[in-house]
Every structure is written in structure tokens, then in C-alpha cells.
Amino acid sequence: MKISLNWLKEFVEFDRSPEEIADILLFRGFETTVLSKPCNWTKVITAKVVEINKHPNADKLTLCTVADGTNTYSIVCGAPNVAKDQTIALAQLGAELPGGFKIEPRKIRGVESQGMICSQKELGIKEDTSGIMVLPPDTKIGIPLENALNDDNDTMLEVETTTSRPDCLNHLGIARELASYFKKNIKIHEPKINELPGDVKITVIDKDLCPRYIGYRISGVKVGPSPDRIKSRLEKCGIRPINNIVDITNYLMLEIGHPLHAFDLNLLEGKEIIVRRAGNGEKILALDGREYALDDTVLVICDAKKPQAIAGVMGGEHSGVTQKTTDILLESAVFYAASVRKTSKKLNISTDSSYRFERGCSWEMAELASKRAVELIQEIAGGKAEALKDDIAQPYVFNKVELRPERANKLLGTDISNNEMFEIFTNLNLKPVENGNKFITEIPSWRQDITQEADLIEEVARMYGYDKIPTTVLALNPDINEGERYKPAENSLRDRLVSLGFCEVMNNTFTSETQLKEYEMQPVESVANPISKENESLRTNLLPGLLANLKLNLSQGYKTIRIFETGNIFTKDGEKRVLGILAYGDILPEWWKFEDTKIISPKIDVTIIAGVMENILKGEGLVAVQGPGNIPAYFHPGKNSEISVNNAAAGHYGIIHPKFTMEFEKEIAYAELYLDDLKWDHKTSRYEPLKRFPEVKRDLALVAGSNIAFKDIKDDIMELVNNSEGLKAIFKHIDLFSRYELENNKISYSIHFKFQHQDHTLAENEINSAINLILETLKKNLNISLRT
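Residues numbered from 1 in each chain as written. Predicted model: local features only at pLDDT ≥ 70, side-chain atom pairs only at ≥ 80, totals over all residues. Heavy atoms only, no water.

## Quick look at unusual backbone geometry
Moving on, step 1. Here lysine 271, not a glycine, exhibits a phi torsion of approximately 50°, which is positive.
Moving on, step 2. With respect to the helices and strands, lysine 271 occurs in the loop between β15 (261-264) and β16 (273-277).
Moving on, step 3. Take lysine 271: its relative accessible area is 43%, and that puts it in the partly exposed class.
Moving on, step 4. In this structure, asparagine 429 takes a positive phi of about 60° despite not being glycine. (Helix = DSSP H or I, 4+ residues; strand = E, 2+ residues; numbered from the N terminus. Buried < 20%, exposed > 50% of the residue type's maximum accessible area, 1.4 Å probe, protein only.)

And the structure:
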């Protein structure tokens, strides 16, 4: 929301630049931007128009004589609203206006102009004005213009608040934050309202949705334009002025944060208010000119006959304040946040009022705002408060939350004293009481975000300063038990995909029906009251989201995309956990200079996605068996396969059907695994310390029959290693580095061996014994001999 710096200064005194205030608020959790600064000009003073004559050479120009109390100036002016005796803003010769515009001596239609009478647009105060800026008649002349301006010479900030801090959607709330930083008392004007003997006809039926309803009856009001000060502040904050009564309610919403509403009392049937749920089929013509159908989930403000407002959201057209209004009923209520939120979404209405009510409103501020409004209405609109009714379902109980200072310091890594914490809570109006080794704080009604000790610790961190909290790099000690723990299939599959160069993405569970139908998928679960058309259904498949990710990455210039996502889908058979894998583009990295070597990189195809599936599904007792099965329609009819794990269907892979990928240049490989069907938990990787003693390398050239593959040799050696404790203690690695065919249907394998012991340097006789044992076993089992 937009915040006025001058308005803030009415609550707390400070002398800091707008940029410093923005930084202070940022470090307290509010992203703040300086929108505009005051006095973006030089040599502009106040002056009075003492004489006006027609320009001798132009019908639409006037020749004005302007005085500043010391000198007089001859000014050529083209504004239609310039008049004698006006107090105006005069840019003197040498002045510089916003945009770098300099005032220099010049002749206009043959007559010299010794300056310029300025409009608000030329001064950078307003974007659109119809003429020159006219100052109040009592403005002192001959002084710098910035000294004569109040709210027109203001700085505006844009402050973003989190959903949990509705108390800061107003100037008072932001001022509280600044007051706590500067350690100053907040200045709140306490309205003086006399005791009102009369009563107001108010009946609250649904007290669970409206625990407090305050109504003032004010008679004899004169509806008209608001004072310039109120209109200016409303406009700067983005609200259009309407009339003094409505403007006052909006003004206090911006100042105190509690929305108010004024009814024309004479247009209320029976001159009474009834707060109840709407009846099914009831309708209301709202202030936006639209008619809304209501049901019994909507709380409404009614007269004796029909609804006159949608509680917390919008008033009705029938009882709105107009120029004919003389008596009003001023409403200040506390509505149940969830009820307002549901109503706003159901009717698709979002207003400044609903935005605040649906985030939670303050019990205390409801009363303060109503009294302040009555005071301003009596002062500005000439009304008289005659009666009051404050309907309270039950007294408000202030929440008490405990904090252990030792616990706070331990979590934050700080050494903040108890006195410092006490001062922080006091500055935040939390009324702390020290009780042994803890604080007991009383939470004001406007801080509904503080409900537990963790919230108080967050307040300590905010007010102490996140920048003051030390950064501690914790030592990373390997867990010797890590290799004994079991890792779920989903985590293992994620790790393996990342190791293959895939990136994980996360998409919204909600999607649009249009997107689903684009891929011939029918929505199963739809949202009754979606936020937007893009969020109207729950997804039935991960593919549409991954294809949207593909399009986005391609639009950013990427040529090879490998992505995956794990998430829930919603089908006719219920909710399922699924892994989706998508690959597109070239197999080899694009930074290889293929143009120099004339090598063309192969494209990702069905064999690549098949290889990916074989790789990630290798595990304890886990085998991927490919074969035709019940394939979804979005796969290519000739390039697909079903995935079976331990003889149970677990997913599909293949190429996406061309009819869905016509906008893409290459084939799109896709696979999906149903994670709920993978009964797979295996131990995580084991870590061992580096061996202190050197490894020994040996190369052997073996002669084998042509029917024997290297895999057979390796399997035979590994079986020997696993069955021999002595060999197992020193054997480290085996690798093939050469293979060529000999005569007589023989093949030569050149094999590289590595041996190493954990406790000592290997002796020559140990190595020779191991080699001889391997050769004997290969000779016996595979008729393999050492090449000579």
C-alpha cells in the first residue's frame, strides 16, 4: 500500500531521509520503495497576482503582474483559471523544474516573460491538472514554495506487507514499527465523544460471524466535498474522493486500518440494522452497480426488509450516502476473517475493505476508528452524534504468550540480555512481565500473528536486527551410521536423475481445464471457487506442466532440456504420487564444436529415455522389464513401452504423440513412474576413510575363447573375491583397457587390476598369490590362460 511520510510523522517524530526509512522498514520485514520525493525544484516562491491584462498579440494569453512582497514581475500566462488576487507558485528566472526544465528570459509573442506561473503538473505534484496551482488565500507570499506546502510537498512510499501483518496495512501500523525502532512513544489522537443516552436499533443474530458491532446514529450531516487535506491524502494513496462522509471512512481505513461503512439512515426500512446470514435466493444491488445472488453462507447487513450490505465486503446501492443524506448510521464491526474471505471469493469481489477484513481485524481498532470517524464527521460535515450501540457477543480475551530468553538466544545464536528483550517487547506494546526465567507477554488485538513462543522469538530477531545476528558456519561431521539408513525410492530416483544431468522442477497442483483438454485429459476434481481460470482444476497428469516448462526454457534460448518432477496427481482412482521425466534436444552438450569436426550430435529419442529408465531403476531387487501394455493416448503409438518392476506395472515411457508436439522441432521423450507402486527402500551410500597405504597396479593379458565376453571374466573374478577373505581384503578394482581378436577363434583381453590393503603396504608375495589365485580360477572355470 502507499504510505505518506508526512502522515507517519503525525504519529511518531523522526528526522530521517525517505531512503533511510525504507531501509529501516525493509529490515523489519516490509519491502519498501520510495515512490516520490518532495520539492523536486529550485527557486520557486509564493506570490500574488495583482493585475491581469490581455496579451497585446495573442487572444488566449494574459499578461499578469505578480508580486512577491518585494519585487513585481511581468509574466505571460496561458492558463484559463488565472485570476486577480490569487496566491500562486512563481518559478523565478534561473529556476529548475522537474525533468530538468529551466526558466530563462524569453519573449512570448513579442512580450518578455520574467518567470512562469506553475501548475501542479509542472511542479511534479500531480500528473493531471487543468490549470495553474492556486494556493490558499492566507498563504504567506515571498517564501519558498516548499515551506508553504503541507501534504502536497510529501514523500510517498510503497510498502508491501505479508498476509500475517494486516495491522500494518495503514499509517498507524507502520508508525508503530518506526516508533519501536526509534524507541519513541506512538502519538495516537484519542477522540473525545460525549456519553450518548440514545440507542440504535441493532440486532446481531449470527454472533459467531460478527462478535462485535458498533453503530452510531448521527443526524444533521451536510454531505459535500471533503477538505483539500483529506482529498489530497486519499488521492495520493490511490483512492478517489467521493463525498465527505465516504471520504472520512476511507481516510480512517488508511490511517487506523479498520474499514467503516456509513448507511443513509432514512433509507433503512424501520431505521434498524440486522446482522444475519443471507437467505438462499436473496439478492443485493451493490455499490459497484452489479447485482449479486446470495446464499446462507454469506453474512449480510440488513434492514427490516432486505440486505443493505455484504458484511466486510461492500455496501449496497440503496442505502448509500448521497447529497440528499441528512442522517447516517455509522458501522464499525469485527467480522470473522474466514467468513469474509469465503464471501469475497464466492462473489468474486475484492475491495480495500475485504482485503483487510479477510486477514483479520482488531477489536480495539474497531472502537478507535468509530470514535475518530464520529469526531471528524461532526467537525467536517456538521453532524451530531445522538446514539450509540456497541453489541458485543462476549468480552475480548487478550492472548498471553510466554518466552524463554535462553531458548531465544539458543535458536538465534545471540547473546541478547533479558533487559534488551524486555525493552523490545515494551516498544512493541506487548506488555511484558518477567516471571522467573521467562517473560509473559500480553498480545494486543491488532497483533493476531503472535500466538506462540516462536512468534515472539521472531519479534526479537526483527527488532534486534537480522544484520546483527552472527553467521556461524557449523562443522560438518560425517555420520558413520549414514550407510545403514534406508532411503525411500523417491529420494533415490531423484539423486540418480540429478546425476544424469536432469533438473528438478516444481509446478502448481492446480491447472486449467483448457490445458488438460489440450492433451485429451479430462478433469476429475474441479475447484468450486477458483482464484483464476488457470487454477480451476486439480491436475490429472504431470505432463502438461512439464511441457509448459519445456516451452518456457526453449523461449529463453535453451536447446537441450532434461527435467523431472515428483508430485501428486488426481485421477478417478484417487490421489497418486508420480514421477515425470522429460527430455528434449541433443544428446551431446551444445558447447562441443561439432562444426569443426563435422560431427552431428544425435537427438534424444526413445532409446535414450529407455536407457535413463534402466539406469535409475537399478537397485536391490528392482528390474525394469519393457514391453507393450496399456499405453496412454499421449504416447506415440509405435514408440512406447510399459514399465514393470518385479512383475508389477509401474509406469510408461516413450515419445509423445506427434499431434501434441507439432510446435516443436524434435521428438519429446517422456516417462512416468507411479511411486506408490514402487516398494523399494535400500541403504544409502556407505562412506569409508581414505586408505593410508599405496595401491598396487598389475596388468594381465588373457587369452579366452571367442564365446567368452569380458563380463563373464569380471563376474567370475568378483565371485572369487567375494568368497575369499584374503583376496577380498586387498582387491580394489578391475577394468578392461584392450580387446582384439587372435587366430583360432581366440580373443585377447588386456585387463587392469588394482590392489590395496587397509592396514599395511602390500608385499610382492601377497600380490603374486592373488594373481595366481585369479589365473587358476579363470583357467578352471572359463579355460582362460595367460598370454605369452
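## Some remarks on the side chain of arginine 212
Moving on, step 1. Along the chain, arginine 212 turns up in strand β14 (residues 212-219).
Moving on, step 2. For arginine 212, a relative accessible area of 4% corresponds to the buried category.
Moving on, step 3. Polar contacts involving the side chain of arginine 212 include one to the main-chain carbonyl oxygen of tryptophan 363, which spans 3.2 Å.
Moving on, step 4. Beyond its immediate stretch of four places on either side in the chain, arginine 212 contacts Ala333, Val334, Trp363, Glu367, Asp390, Asp391 and Ile392. (Polar contact = N/O pair within 3.5 Å; in protein donor to acceptor, adjacent residues only side chain to side chain. Contact = heavy atoms within 4.5 Å.)

## Comments concerning the side chain of asparagine 170
Moving on, step 1. As for its position among the elements, asparagine 170 is in the loop between β12 (156-160) and α4 (171-182).
Moving on, step 2. When its relative accessible area of 2% is taken as the criterion, asparagine 170 is described as buried.
Moving on, step 3. Those residues in contact with asparagine 170, other than ones at most four positions away along the chain, are Met1, Ile3, Met253, Leu254, Glu255, Ile256 and Gly257.

## Things to note about the pairing of strand β20 (residues 307-310)
Moving on, step 1. Relative to β20, strand β19 (residues 299-302) runs antiparallel, the two sharing three bridges. Note that in β20 the partner of cysteine 302 across the bridge is proline 307.
Moving on, step 2. Joining the antiparallel neighbours β19 and β20 is a turn of four residues.
Moving on, step 3. In this structure, the hairpin formed by β20 and strand β21 (residues 314-315) is closed by a connection of three residues, where glycine 312 is found at a positive phi of approximately 75°. (Pairing = 2+ DSSP bridges.)

## Focus: empty space enclosed by the protein
Unoccupied space between atoms shows up once a probe the size of one water molecule is rolled over them.
Moving on, step 1. Counted under the stated rule, the structure contains two cavities of 30 Å³ or more.
Moving on, step 2. Volume-wise, the largest cavity comes out at about 170 Å³.
Moving on, step 3. Along the walls of the largest cavity sit 17 residues, with Pro166, Asp167, Gly360, Cys361 and Ser362 positioned nearest its centre.
Moving on, step 4. Every residue lining the second largest cavity is listed: Arg165, Asp167, Arg176, Glu177, Ser180, Asn427, Leu428, Asn429, Trp446 and Arg447.
Moving on, step 5. A total of three residues in the lining of the second largest cavity trace back to one element, the largest contributor, which is α4.
Moving on, step 6. A breakdown of the residues in the lining of the second largest cavity according to their chemical character gives two nonpolar, three polar and five charged. (1 Å grid on protein atoms, 1.4 Å probe; cavity = no way out; pocket = protein on both sides within 12 Å on 5 of 7 lines; lining within 4 Å. Points joined across faces, edges and corners; volume = space filled by probe spheres on them. Nonpolar A, V, L, I, M, F, W, Y, C, P; charged D, E, K, R; others polar.)

## So, the packing of helix α2 (residues 18-26) against α4
Relative orientation and spacing of two packed helices are given, respectively, by the angle between their axes and the distance between those axes.
Moving on, step 1. The geometry of α2 relative to α4 is characterised by a closest axis approach of 11 Å and an angle of 90° between their N-to-C directions. If you check the angle between α2 and α4, you find them roughly perpendicular. In this structure, α2 uses Ile21, Ile24 and Leu25 to contact α4, whose residues at the interface are Ile174, Glu177, Leu178, Tyr181 and Phe182.
Moving on, step 2. By residue class, the composition of the contact of α2 with α4 is seven nonpolar, no polar and one charged. (Axes fitted to C-alpha atoms, helices over the stretch in contact; angles between N-to-C directions. Parallel < 35°, antiparallel > 145°, perpendicular 65-115°, else oblique.)

## Examining the packing of aromatic side chains
Moving on, step 1. The full count for this structure, using the stated rule, is 15 aromatic pairs.
Moving on, step 2. Their ring planes at 65° and their centres at 5.2 Å tell us that phenylalanine 335 and phenylalanine 357 sit as a pair that is edge-to-face. Remark: phenylalanine 357 occurs in helix α8 (residues 352-357) and phenylalanine 335 occurs in the loop between β22 (328-334) and α7 (337-347); sequence separation between them is 22 residues. Across the pair, phenylalanine 357 and phenylalanine 335 agree in class, each one buried.
Moving on, step 3. Between tyrosine 634 and tyrosine 670 the ring centres are 6.4 Å apart and the planes differ by 65°, which places this aromatic pair in the edge-to-face class. Separated by 36 residues along the polypeptide, tyrosine 634 in the loop between β33 (624-627) and β34 (635-645) and tyrosine 670 in strand β36 (residues 668-674) bring together distant segments of the chain.
Moving on, step 4. Linked through ring pairs, Phe14, Tyr181 and Phe182 together constitute an aromatic cluster.
Moving on, step 5. Here the basic side chain of arginine 176 rests over the ring of tryptophan 446, its NZ or CZ set 3.9 Å away from the ring centre. (Phe/Tyr/Trp six-rings, centres within 6.5 Å; stacked < 30°, edge-to-face > 60°. Lys NZ or Arg CZ within 6 Å of the ring centre and 35° of its normal.)

## Some remarks on the sheet that holds strand β13 (residues 202-204)
Moving on, step 1. With mixed pairing, the five strands of this open sheet are ordered in space as β13-β16-β19-β20-β21. Since the sheet does not close on itself, it has two edges, and those belong to β13 and β21, each with one partner.
Moving on, step 2. When β16 meets β19, the two strands line up antiparallel, connected through four bridges. Residue pairing in the sheet places arginine 277 in a bridge with leucine 299 of β19.

## Quick notes on the state of the cysteines
Moving on, step 1. Tallying each qualifying case throughout the model produces zero disulfides.
Moving on, step 2. In this structure cysteine 77 is not part of a disulfide, and its nearest cysteine sulfur, from cysteine 64, lies 5.1 Å away. (Disulfide = S-S within 2.5 Å.)

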